[in-house]
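Tertiary structure, described
Residue-level listing of the chains:
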Amino acid sequence: MEENKQLLKPKIDVVFHSLFRVGNENITKAIISAVTKEKINKIDLNNDRHILGKYPEEKLGILDLRAILDNGTICNIEVQLADNKDTAERFLYYWSRIYSSQLIKGDDYAKINKVIGIIIIDYEFEKTKEIENLSTKWKIKEVSTGKEIELTDVFELYIIEIPKAKRILEKDASNKLAQWMLFLNNPNEKEVSKIMNENKEIKEAMNELEEMSKDEELRRVAELREKAIRDEKNGLRHARAEGIKEGKIATAKELLKMNMKLEDIIKVTKLTKEEVEKIKKEI
């Protein structure tokens, strides 16, 4: 690898697909095993899902990589880079599509294989922000009796938050899942070089990534994809900021109608005096 050329980031969808593709089953087994904490002997990857993005400027939501494990379990890995504030709903929707697609009319429900969803997100999940764990595991259980009886074992969902990886590694440098997340986030970091000394699969992934990073077409598409991600994140932030501002204006209008003092409205809404006075003139 030329010194002036940075490695591609594996969390970008076209890079992710090119890295965890048919032929690279060993590293794909390793990352799934790091998530589930289970040994995987055999894995089959769907060759059709190895794609080079034709439309790098399109909006990015969820990409997925599907694998069949040695016991027939379907494992679907998704990477979500932008927080659309509908994380849980989207996860369940995608999981249900994979699960239900196994069933052909007249089939026995008992023949449906377990589906594991692995969701890697590039932001901290609102519902688990108070949990310091890098990964959370979700199942369907009965909770009213306190016994937490599992309804079925066909549903299993893991949510992994990339931003927590560094904090986890500071406490436990041997955490394999955190090592993988740091690699996915930015293999150019110095910490990743240290990780390769003890994690042979990440070293294998790094060697593959170095070769991939020499591909000029892949670099061009990955750069465009990364720009599209930045644009989408900026758009979401702008939309939320606009929504917050509209909410403040609506609150100010209601408070003005209630004849609340100007200084009190400013304290409540955090709007400026000029903004509140302008709103007063408009109503």
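Cut-offs and rules
Residues numbered from 1 in each chain as written. Predicted model: local features only at pLDDT ≥ 70, side-chain atom pairs only at ≥ 80, totals over all residues. Heavy atoms only, no water. Helix = DSSP H or I, 4+ residues; strand = E, 2+ residues; numbered from the N terminus. Buried < 20%, exposed > 50% of the residue type's maximum accessible area, 1.4 Å probe, protein only. Contact = heavy atoms within 4.5 Å. Phe/Tyr/Trp six-rings, centres within 6.5 Å; stacked < 30°, edge-to-face > 60°. Core = buried A, V, L, I, M, F, W, Y, C linked by side-chain atoms within 4.5 Å. Salt bridge = Lys/Arg side-chain N within 4 Å of Asp/Glu carboxyl O. 1 Å grid on protein atoms, 1.4 Å probe; cavity = no way out; pocket = protein on both sides within 12 Å on 5 of 7 lines; lining within 4 Å. Points joined across faces, edges and corners; volume = space filled by probe spheres on them. Nonpolar A, V, L, I, M, F, W, Y, C, P; charged D, E, K, R; others polar. Polar contact = N/O pair within 3.5 Å; in protein donor to acceptor, adjacent residues only side chain to side chain. Axes fitted to C-alpha atoms, helices over the stretch in contact; angles between N-to-C directions. Parallel < 35°, antiparallel > 145°, perpendicular 65-115°, else oblique. Left-handed = near helix turned anticlockwise from the far one by under 90°. pLDDT = per-residue confidence, 0-100.

Helix and strand content of the protein: ten helices and eight strands. The principal-axis extents of the C-alpha atoms in the protein amount to approximately 70 × 60 × 40 Å. Relative to its full complement of 283 residues, the protein shows a buried share of 42%. Taking contacts inside the protein between residues at least 6 apart in sequence as the whole, the part at least 24 apart equals 62%.

What follows covers the packing of aromatic side chains. For the coordinates displayed, the defined rule picks out six aromatic pairs. Relative to Trp180, the ring of Phe20 lies with its centre 6.1 Å away and its plane at 55°, an arrangement referred to as tilted. Of the two residues, Phe20 is situated in the loop between helix H1 (13–19) and helix H2 (25–36) and Trp180 in helix H5 (residues 176–185); the sequence distance between them amounts to 160 residues. On the numbers, 5.9 Å between centres and 80° between planes, the contact of Trp180 with Phe183 is edge-to-face. Of this pair, Trp180 and Phe183 both sit in helix H5, three residues apart, roughly one helical turn.

Further remarks concern the nonpolar core. In terms of nonpolar packing, the biggest core is built from 53 residues, with Phe20, Ile32, Ile118, Ile120, Trp180, Met181 and Phe183 touching the most fellow members. Considering every element that reaches this core, the biggest residue donor is H5, with seven residues. Beyond its immediate sequence surroundings of up to four residues, Phe20 is in contact with Ile27, Thr28, Ile31, Leu45, Leu65, Trp180 and Leu184. Counting twelve residues, the second-largest nonpolar core is a separate cluster that includes Phe91, Ile98, Ile119 and Phe125.

A full pass over the atoms with the stated rule returns 21 salt bridges. Of the charged contacts in the structure, one is a salt bridge between Glu189 and Lys166, with a shortest N-O distance of 3.1 Å. With Glu189 in the loop between H5 and helix H6 (190–196) and Lys166 in helix H4 (residues 165–171), this residue pair connects regions lying 23 residues apart in the sequence. Take Glu189: its relative accessible area is 15%, and that puts it in the buried class. You can call Lys166 partly exposed: its relative accessible area is 38%. For Asp231, the salt bridge goes to Lys227, with nearest N and O atoms at 2.9 Å. Of the two residues, Asp231 and Lys227 both sit in helix H8 (residues 216–257), four residues apart, roughly one turn of that helix. Look at Asp231 and you get partly exposed, because its relative accessible area is 42%. Three or more residues joined by partner-sharing salt bridges are found here, namely Lys114, Lys137, Lys139, Glu150 and Glu156.

We now examine empty space enclosed by the protein. Scanning the model with the defined rule gives two cavities of 30 Å³ or more in all. What lines the second largest cavity is Asn76, Glu78, Phe91, Trp95, Ile98, Val115, Ile116, Gly117, Ile119 and Leu157. Elements that contribute at least two residues to the lining of the second largest cavity include exactly strand S3 (74–80), helix H3 (87–100) and strand S4 (115–121). Among the elements that make up the lining of the second largest cavity, the one with the highest residue count is S4 (four residues). Grouping the constituent residues of the lining of the second largest cavity by class yields seven nonpolar, two polar and one charged.

Our focus in this paragraph is the side chain of Glu189. A distance of 3.1 Å separates polar atoms of two side chains, one belonging to Glu189 and the other to Lys166. Residues within four places of Glu189 in sequence aside, it is in contact with Lys166 and Leu182.

The next point concerns the packing of H5 against helix H7 (residues 200–212). Interhelical geometry of H5 versus H7 gives an angle of 10° and a closest axis separation of 11 Å. Regarding the angle of H5 to H7, the classification is roughly parallel. When you trace H5 past H7, the crossing you get is right-handed. Across from Gln179, Trp180 and Phe183 in H5, the residues of H7 making contact are Glu201, Ile202, Ala205, Met206 and Leu209. Across the contact of H5 with H7, the residue classes tally to six nonpolar, one polar and one charged.

Looking at the protein, pLDDT values average 87 and 91% of them are 70 or higher. Taken together, the stretch residues 49–62 has pLDDT below 50 and engages in 35 contacts with residues farther than four places along the chain or on a different chain.

A few words on the environment of Ala252. Position of Ala252 among the secondary structure elements: in helix H8. For the pair formed by Ala252 and Arg237, sequence separation is 15 residues and the distance between their alpha carbons is 23 Å.

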